[in-house]
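# Analysis of the macromolecular model
Here is how the chains run, residue by residue.
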Amino acid sequence: MPLSATVVGAMLGLSVQLHSNALRKLPLMRHPWEHVLALGLGAVFGNQLVKWEAKVEEDLDKLLQKAKEANERRYIGLPLMLTKISSQVGYRKIGSFPRVVRM
């Protein structure tokens, strides 16, 4: 994946430089060093984008795991508390989480 990200980023940088020169109606290869610089910056951008995407996915997994643990802690002991509530409220398990329903 890093090789393809590098190549795609480099081509993106080169195409940006070529389009910039074309829009200004300049020769496409006016300053070749600008094209080399655009290739390098595009490659760095592509690699950083892949790293950022992996970090975002890892952070999301951590956040979802914390939310799952918090939900599991929230429902511990709920059936015992429901036995003390009046008979108008019942307890029913829907899926894996207990729910309070009106009878």
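Residues numbered from 1 in each chain as written. Predicted model: local features only at pLDDT ≥ 70, side-chain atom pairs only at ≥ 80, totals over all residues. Heavy atoms only, no water.

## With respect to the pattern of salt bridges
Here is the rule we go by: Note on definitions: salt bridges are taken to be side-chain nitrogens of Lys or Arg within 4 Å of carboxyl oxygens of Asp or Glu. Only DSSP runs of H or I covering at least 4 residues are called helices, and only runs of E covering at least 2 are called strands; the numbering of each starts at the N terminus. Throughout this description, buried means an accessible area under 20% of the type-specific maximum (1.4 Å probe, protein chains only), exposed means over 50%, and partly exposed covers the range between.
Following the criterion strictly, the structure yields 2 salt bridges and no others. As a salt-bridge pair, Lys55 and Asp59 come within 3.1 Å of each other at their nearest N and O atoms. Taken as a pair, Lys55 and Asp59 lie in helix 2 (residues 32–74) at a separation of 4 residues, close to a single helical turn. Using a relative accessible area of 49% as the deciding quantity, one classes Lys55 as partly exposed. Look at Asp59 and you get partly exposed, because its relative accessible area is 35%. The closest approach of N and O atoms between Glu58 and Lys62, which form a salt bridge, is 3.5 Å. You can see Glu58 and its partner Lys62 sitting in helix 2, 4 residues apart, about one turn around the helix. Judged by its relative accessible area of 44%, Glu58 is partly exposed.

## Points about the side chain of His35
Filter applied, for reference: Residues are treated as being in contact if the distance between any of their heavy atoms lies within 4.5 Å.
When you line up the elements, His35 lands in helix 2. On the basis of relative accessibility, which here comes to 3%, the residue His35 falls in the buried class. Setting aside chain neighbours within four positions, we find His35 in contact with Leu14, Gln17, Leu18, Asn21, Leu28, Met29 and Arg30.

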